[in-house]
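# Structure assessment
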Amino acid sequence: MTTKNQKTLIVGITVAIIFVILGVFCFSYAMETLDVKAEELGAQEQPVYEPPLPDYVIPGMDNEGGALLLGVTSTLLLFVVGFGVAKILGKKKS
Amino acid sequence: MHIPDGFLTLSVIIPTFIITIVFWAISIKKVKLSEQQIPMMGLLTALFFAAMMMNYPIIGGTTAHLLGGAAIGLILGPFAGCISVSIILVLQAFLFGDGGLTALGANVLNMGVIGVFVPCIIFLVANKALKIKTTTALFATIFISAFFGDLLAAISAGTELGLSTPLFGYGLSVAVPAMAINHSIIGVAEGIVTVILIGTLFKLRPDVLEKSPILGKLAMLKDKVTGSA
């Protein structure tokens, strides 16, 4: 990988982590239009699956520290998965 | 904009899954990624996952988040963009329960297909018609493309919910305008963020944009890359 690409990745991941910090500490309250309309109707979610980390919370760590840890870890995981998939798809064509 | 389990009827779930699977198959078959784009796909996938964690207050006490489809699609192309946004949505559903599994087809259709392909198509048509030559025209076109990507994704979500009566009691006449009006505000934010991101790459890494099947068609970008080489 070129130095230019490495620099871009470092800056980009840093910005992503800043987004996570802002998401955890400043913009964490979520009440989407869909939620409001569902509430008005009394419509209930009917999950068909129990996710391991429901609502972005580590079980037993329902605080901002846990949310930050989960947010940063997940962002890095998404980078690895995105990079890995891109690498496989890139190879397929070469 | 993530639709949970229990809000969509089978008559909406099945067609949305079929359309999504068709787009996944086409995207995997057609995607082309250069050496520079491979790490960029990882980066943009992570960046917009993180961006989706920020919920902006909009109107009436509601919030909304960025989709990222416009930026990813314009930078990497619609096929890589569709795959990248799908990775985010699949992991959000399976790890965090953000978006239902039965609604995964609808969520990918809204955010990963419409949210990605619409901005790319608008940009290509505008560039063909206007032959974009100035940065002002470029940024205006990017803004409009991103805005309409979000707006149409929201209208699509509203349509799916509106067609899912009685599970989601509001019909099309309530669900579509509610989603469209509120999400048009986040569409403005999506437009601004997309312009900032692509504007920064245009200035600092035009070589990355040159490889884009969408932005790479800009004559002014080719001139910039040739000029800086």
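Now for a look at the structure at hand.

Parameters and conventions
Residues numbered from 1 in each chain as written. Chains lettered and ligands numbered in written order. Predicted model: local features only at pLDDT ≥ 70, side-chain atom pairs only at ≥ 80, totals over all residues. Heavy atoms only, no water. Helix = DSSP H or I, 4+ residues; strand = E, 2+ residues; numbered from the N terminus. Buried < 20%, exposed > 50% of the residue type's maximum accessible area, 1.4 Å probe, protein only. Contact = heavy atoms within 4.5 Å. Areas by Shrake-Rupley, 256 points an atom, 1.4 Å probe, with all protein chains shown as cover. Lys, Arg positive; Asp, Glu negative; His and termini not counted. Charge placed at Lys NZ, Arg CZ, Asp CG, Glu CD. Axes fitted to C-alpha atoms, helices over the stretch in contact; angles between N-to-C directions. Parallel < 35°, antiparallel > 145°, perpendicular 65-115°, else oblique. Left-handed = near helix turned anticlockwise from the far one by under 90°. 1 Å grid on protein atoms, 1.4 Å probe; cavity = no way out; pocket = protein on both sides within 12 Å on 5 of 7 lines; lining within 4 Å. Points joined across faces, edges and corners; volume = space filled by probe spheres on them. Phe/Tyr/Trp six-rings, centres within 6.5 Å; stacked < 30°, edge-to-face > 60°.

The next subject is the overall build of chain B. In terms of helices and strands, chain B carries nine helices and two strands. Ordered by position from N to C terminus, the α and β elements of chain B give α-α-β-β-α-α-α-α-α-α-α. Reported as C-alpha extents along the three principal axes, the dimensions of chain B are approximately 60 × 35 × 30 Å. The proportion of buried residues among the 229 residues of chain B is 63%. Restricting to contacts in chain B with at least 6 residues of sequence separation, those with at least 24 account for 74%. If you sum the accessible surface of chain B, you get close to 8100 Å²; carbon and sulfur atoms cover 74% of it. Each charge class in chain B was averaged separately, 12 positive and 9 negative side chains, and the resulting centres sit 15 Å apart.

Residue and element names in this part refer to chain B. Contact geometry for helix α2 (residues 37-51) and helix α4 (residues 78-96): axes closest at 10 Å, N-to-C directions at 45°. Taken together, the axis directions place α2 and α4 in an arrangement best described as oblique. Handedness of the crossing formed by α2 with α4: right-handed. In this structure, α2 uses M41, T45, F48 and F49 to contact α4, whose residues at the interface are A80, I83, S84, I87, I88, Q92 and F96.

What follows concerns empty space enclosed by the protein. One pass over the structure, following the stated rule, counts one cavity of 30 Å³ or more. Volume-wise, the largest cavity comes out at about 40 Å³. Forming the boundary of the largest cavity are T33, L34 and K37 of chain A together with L161, F168, A175, A178 and M179 of chain B. Those elements giving two or more residues to the lining of the largest cavity turn out to be α2 (33-41) of chain A together with α7 (172-204) of chain B.

All names here are of chain B. Scanning all chains against the criterion turns up ten aromatic pairs over all chains. Judged by centre distance (5.1 Å) and plane angle (70°), the rings of F23 and F117 are edge-to-face. With a gap of 94 residues between them, F23 in helix α1 (residues 10-30) and F117 in helix α5 (residues 104-130) connect regions that are remote in the sequence. By relative accessible area, F23 is classed as partly exposed at 25%. Taking the centre distance of 6.2 Å and the plane angle of 25° together, the rings of F49 and F96 count as stacked. Of this pair, F49 sits in helix α2 while F96 sits in helix α4; the two residues are 47 residues apart in sequence, bridging distant segments of the chain.

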